[in-house]
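Structural features, examined
Okay, here's what each chain looks like letter by letter:
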Amino acid sequence: MSVQKFKFILIAAFLFMHLPFLSEAQPLCAVSKNSNLAIDQRDDQRLKCLKSKKSTIKVAQCLEAAKTMEYSTNAEEARLLCLYDLRQQPSKKECLQIVKNMEYPDSGDEVRWECLRRFSNSLKPAECRQLASGMAYPANGDRAKQFCEQ
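In this report, the structure presented in the accompanying data block is examined. This structure is a prediction, so every number in the text was calculated from the model and none was measured.

**Some points on the nonpolar core**
Core analysis: the largest hydrophobic core is formed by 32 residues, its most contacted members being L50, C62, I98, V111 and L116. Looking at this core, the elements with two or more residues in it are α2 (39-52), α3 (59-67), α4 (72-84), α5 (92-101), α6 (105-118) and α7 (125-133).

**Some remarks on the pattern of salt bridges**
Inspection of every chain in the model, using the stated rule, returns 9 salt bridges. One salt bridge connects E70 with R42, and the closest N-O pair in it is separated by 2.7 Å. Residue E70 is located in the loop between α3 and α4, and its partner R42 is located in helix α2; the two are separated by 28 residues in the primary sequence. The salt bridge partner of R46 is D43, with a shortest N-O separation of 2.8 Å. Note that R46 and D43 are positioned in helix α2 at a spacing of 3 residues, about one turn of the helix. Look at the salt bridges and you will find they share partners, linking R42, D43, R46 and E70 into a network.

Each value, and the rule that gives it
Residues numbered from 1 in each chain as written. Predicted model: local features only at pLDDT ≥ 70, side-chain atom pairs only at ≥ 80, totals over all residues. Heavy atoms only, no water. Core = buried A, V, L, I, M, F, W, Y, C linked by side-chain atoms within 4.5 Å. Buried < 20%, exposed > 50% of the residue type's maximum accessible area, 1.4 Å probe, protein only. Helix = DSSP H or I, 4+ residues; strand = E, 2+ residues; numbered from the N terminus. Salt bridge = Lys/Arg side-chain N within 4 Å of Asp/Glu carboxyl O.

Structure follows, in structure tokens:
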């Protein structure tokens, strides 16, 4: 085997091994930490981007972008955008995924209520009770359990 063929095979093998890493796309609404922007400014840029794309992106893409937020309050706001503002509304499964990602009691209960209302006709009794029992505030939990029993 000639040296030229060996080099070609070696380069091809290297590229083949690293192809998954080379082909990874930049995440939706990515802002580099090297951008000389403060954390809140980077999050503002991400949120502005999400709002500008809300008519074209899918819920899963929106949730991935929300994960990139550096402040948890901004991530929470982005997840609420994923729930309420996208043209493609979340499926039941996606709504329940948003519930799992919520960090704060108030917004977590808000999302649980939204899922309960939106999918009341398709929630299994066990799913409904699980959402109700996940409420952070006892009064919300009690009302949600009553909702599930109707």
